[in-house]
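Read off the chains here:
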Amino acid sequence: MAKPSTGFSTFLFHKKRWLLLLLAMLSHFDVGNRIQKPEKVKETTSSQIGVVTSPSPLSFMKSKLVLLVSHELSLSGGPLLLMELAFLLRGVGAEVCWITNQKPSGTDEVVYNLENKMLDRGVQVFSAKGQEAINTALKADLVILNTAVAGKWLDAVLAKNVPRVLPKVLWWIHEMRGHYFKLDYVKHLPYVAGSMIDSHVTAEYWENRTQERLKIKMPKTYVVHLGNSKELMDVAEDNVAKRVLREHVRESLGVRNDDILFAAINSVSRGKGQDLFLRSFYESLQLIKEKKLQVPSIHAVIVGSDMSVQTKFETELRDFVAQKKIQHRVHFVNKTLTVAPYLAAIDVLVQNSQGRGECFGRITIEAMAFQLPVLGTSAGGTAEIVVNGSTGFLHPAGKEGVSPLATNIVKLATHVEKRLTMGKRGYERVKQMFLERHMADRIASVLKDVLHTANARQ
């Protein structure tokens, strides 16, 4: 075997070096790993570096005491989003306290790591049921309940103090499923300072559902679309980083650079629609074969599996793949919070959430930041993000969406220019509407109004 040339060895060395640097940079996304406390860095003023920085829209929250109440602490969207808000508030000098209403009975590595990440950023973490939680709720300028389920904490812990706290509560709701509409959870909704919801369609659903089913009235409701973090945008706009990540992930999956990858990046569950996506993918393979289309090899990637726990649903997915003999075309990837490498590696995101869809679906705007077209269900917040025919294609939820999704897969597999154009339009839409500063502006407007309402009631 011939010895590799010096130039090739140098290329491999630099590629590995780039990869290590990138993975280190991305490690803050993967909170399942131990987070080391960062060293203090000497502050540099904008005048020293010749850059004028605009003040944060949340700067009015400086020195305010904010209590954040999460129903759980996990790698799911709700708790992680509340953590982001905690860090934004800490960044402007707010005093932020965190309590988690439901915790595992034993030691949990995810909870341990997330709590330590918050402690490292100056967020105070304490028990949901102690006197400290009650005292903090009474003293706080603002209390933010995260998700409908967090409402159980009010009566369970505050008891007779509930009426004193409700006027300064902002209730942040992310749920779209009917089983969350229980009076035990949300009976105090009419009396809080306001509710904040991630999409217009979800806000409308809550408005109608609470009135029809529970006979209660929603408080003043604010719709706040989410935004991409600066860290994710930094990777999405670094072409060298994306190329290295793309090569690494594709090599690990065993696919070639010119293969076309369609990926669903969600926790694996029936509500996320991975089963229907795989049926559409199989149907698209049949269409390509029947029409004798000349296209690169296409693959489906399911990111969000749990390799340690084979659920009945995931077993169904794998059985379907084996039955159709498409194992070489379908790739299952374990659940991860580090989504950037996969967004860099794929060509199209499939957001196939079923039923009422996603309340918002942040992975959609993250994919658009990476200039990926999105094939999504025309349900929930996805329809407020994806412009049908411009930044992607929408299809119906349910079984009736299987064939339309298959057709859209074939469209994007056979038209590279369409893929690229849709991806660029999606990126432009993110830059216009879905950045962290846009989200901070929207949240700041809500917090100002809620604080004004709270002060007026006291």
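Structure shown above.
Residues numbered from 1 in each chain as written. Predicted model: local features only at pLDDT ≥ 70, side-chain atom pairs only at ≥ 80, totals over all residues. Heavy atoms only, no water.

**Q** Would you take a moment to explain helix α19 (residues 436-457) for this structure?
**A** Helix length check: α19, at 22 residues, gives a terminal C-alpha distance of 31 Å against a target of 32 Å (1.5 Å per residue), a fit within 8%. Buried within α19 are the following residues: H438, M439, A440, I443, A444, V446, L447, V450, L451 and A454. (Helix = DSSP H or I, 4+ residues; strand = E, 2+ residues; numbered from the N terminus. Expected span 1.5 Å × (residues − 1). Buried < 20%, exposed > 50% of the residue type's maximum accessible area, 1.4 Å probe, protein only.)

**Q** Could you clarify how one ought to interpret the layout of surface pockets in this entry?
**A** Over the atoms rolls a probe the size of a water molecule, and in doing so it shows where empty space is left. Here the second largest pocket is characterised by a volume of approximately 470 Å³. Surrounding the second largest pocket, 21 residues form its lining, R246, I346, D347, L372 and L420 being those nearest its centre. Within the residue set of the lining of the second largest pocket, elements represented by two or more residues are α11 (239-253), α14 (340-345) and α18 (416-433). Sort the elements by how many residues they give to the lining of the second largest pocket and α11 lands first, with five residues. Its residues assigned to classes, the lining of the second largest pocket comprises nine nonpolar, three polar and nine charged. (1 Å grid on protein atoms, 1.4 Å probe; cavity = no way out; pocket = protein on both sides within 12 Å on 5 of 7 lines; lining within 4 Å. Points joined across faces, edges and corners; volume = space filled by probe spheres on them. Nonpolar A, V, L, I, M, F, W, Y, C, P; charged D, E, K, R; others polar.)

**Q** How do you make sense of helix α5 (residues 131-139) when you look at a structure like this?
**A** Residue pairs three or four apart in sequence face the same way in an α-helix, which turns once every 3.6 residues. Buried within α5 are the following residues: A133, I134, T136 and A137. For α5, the arc enclosing every buried residue in end-on projection is 165°, short of the 170-degree limit, so these residues lie on one face. Set apart from the buried face of α5 by more than 90 degrees, the exposed residues are Q131 and K139. Buried residues along α5 sit in contact with β1 (65-70), β2 (95-100), β4 (142-146), α6 (152-158) and α7 (162-165). (Arc of directions from axis to C-beta. Contact = heavy atoms within 4.5 Å.)

**Q** When you look at the nonpolar core in this model, what are you seeing that I'm missing?
**A** Within soluble globular proteins, side chains that are nonpolar generally end up buried alongside one another. With 77 residues, the main nonpolar core has L58, M61 and I265 as its most contacted residues. The element best represented in this core is helix α3 (residues 77-91), accounting for nine residues. Filtering out sequence-adjacent residues up to four positions away, L58 remains in contact with L88, L89, V92, A440, I443, A444 and L447. Ranked by size, the runner-up nonpolar core spans 40 residues in total, among them A128, I134, V143 and A150. (Core = buried A, V, L, I, M, F, W, Y, C linked by side-chain atoms within 4.5 Å.)

**Q** Explain the side chain of E314 here, please?
**A** With respect to the helices and strands, E314 occurs in helix α13 (residues 312-323). One polar contact links E314 to S305, side chain to side chain, over a distance of 3.1 Å. Apart from residues no more than four positions distant in its own chain, E314 is found in contact with V268, S305 and D306. (Polar contact = N/O pair within 3.5 Å; in protein donor to acceptor, adjacent residues only side chain to side chain.)

**Q** So what exactly am I meant to see when it comes to the pairing of β4 here?
**A** Every regular strand shows the same layout, with side chains that alternate between the two sheet faces. With respect to burial, β4 is a largely interior element, five of its five residues being buried. Here β4 shows no split at all, with L142, I144 and N146 on one side and V143 and L145 on the other all buried. One ladder, built from five bridges, connects β1 with β4; its direction is parallel. Bridged to S70 within β4 is N146. (Pairing = 2+ DSSP bridges.)

**Q** Can you walk me through the sheet that holds β2 in this structure?
**A** Note: strands within a sheet are paired through backbone hydrogen bonds, in either parallel or antiparallel orientation. With parallel pairing, the seven strands of this open sheet are ordered in space as β3-β2-β1-β4-β5-β6-β7. Two strands lie at the open edges of the sheet, namely β3 (124-125) and β7 (221-223), each paired on one side alone. Relative to β3, β2 runs parallel, the two sharing two bridges. Bridging across to β3, W98 finds its partner in V125. Contacts from α19 reach β4, β5 (169-173), β6 (194-197) and β7, with the element oriented near 145° to β5. (Axes fitted to C-alpha atoms, helices over the stretch in contact; angles between N-to-C directions.)

**Q** Would you take a moment to explain the environment of F281 for this structure?
**A** For F281, the location among the structural elements is in helix α12 (residues 274-290). The spacing of F281 and V402 is 121 residues in sequence and 8.7 Å in space, taken between C-alpha atoms. Aside from chain neighbours lying at most four places away, what touches F281 is I298, H299, A300, I326, R329, V330 and I409.

**Q** Looking at this model, I keep getting lost on the packing of aromatic side chains. Mind explaining?
**A** Aromatic rings considered in pairs are described by the distance between their centres and by the relative angle of their planes. A complete count under the given rule lists two aromatic pairs for this structure. Measuring from centroid to centroid gives 6.3 Å for Y282 and F320, while their planes differ by 85°, and the two rings are edge-to-face. Here Y282, found in helix α12, pairs with F320, found in helix α13; they are 38 residues apart in sequence, far enough to count as distant. For Y282, a relative accessible area of 22% translates into the label partly exposed. Residue classification places F320 among the buried positions, given a relative accessible area of 10%. Ring centres of F360 and F434 lie 6.1 Å apart, and the angle between their planes is 65°; on these two criteria the pair is classed as edge-to-face. (Phe/Tyr/Trp six-rings, centres within 6.5 Å; stacked < 30°, edge-to-face > 60°.)

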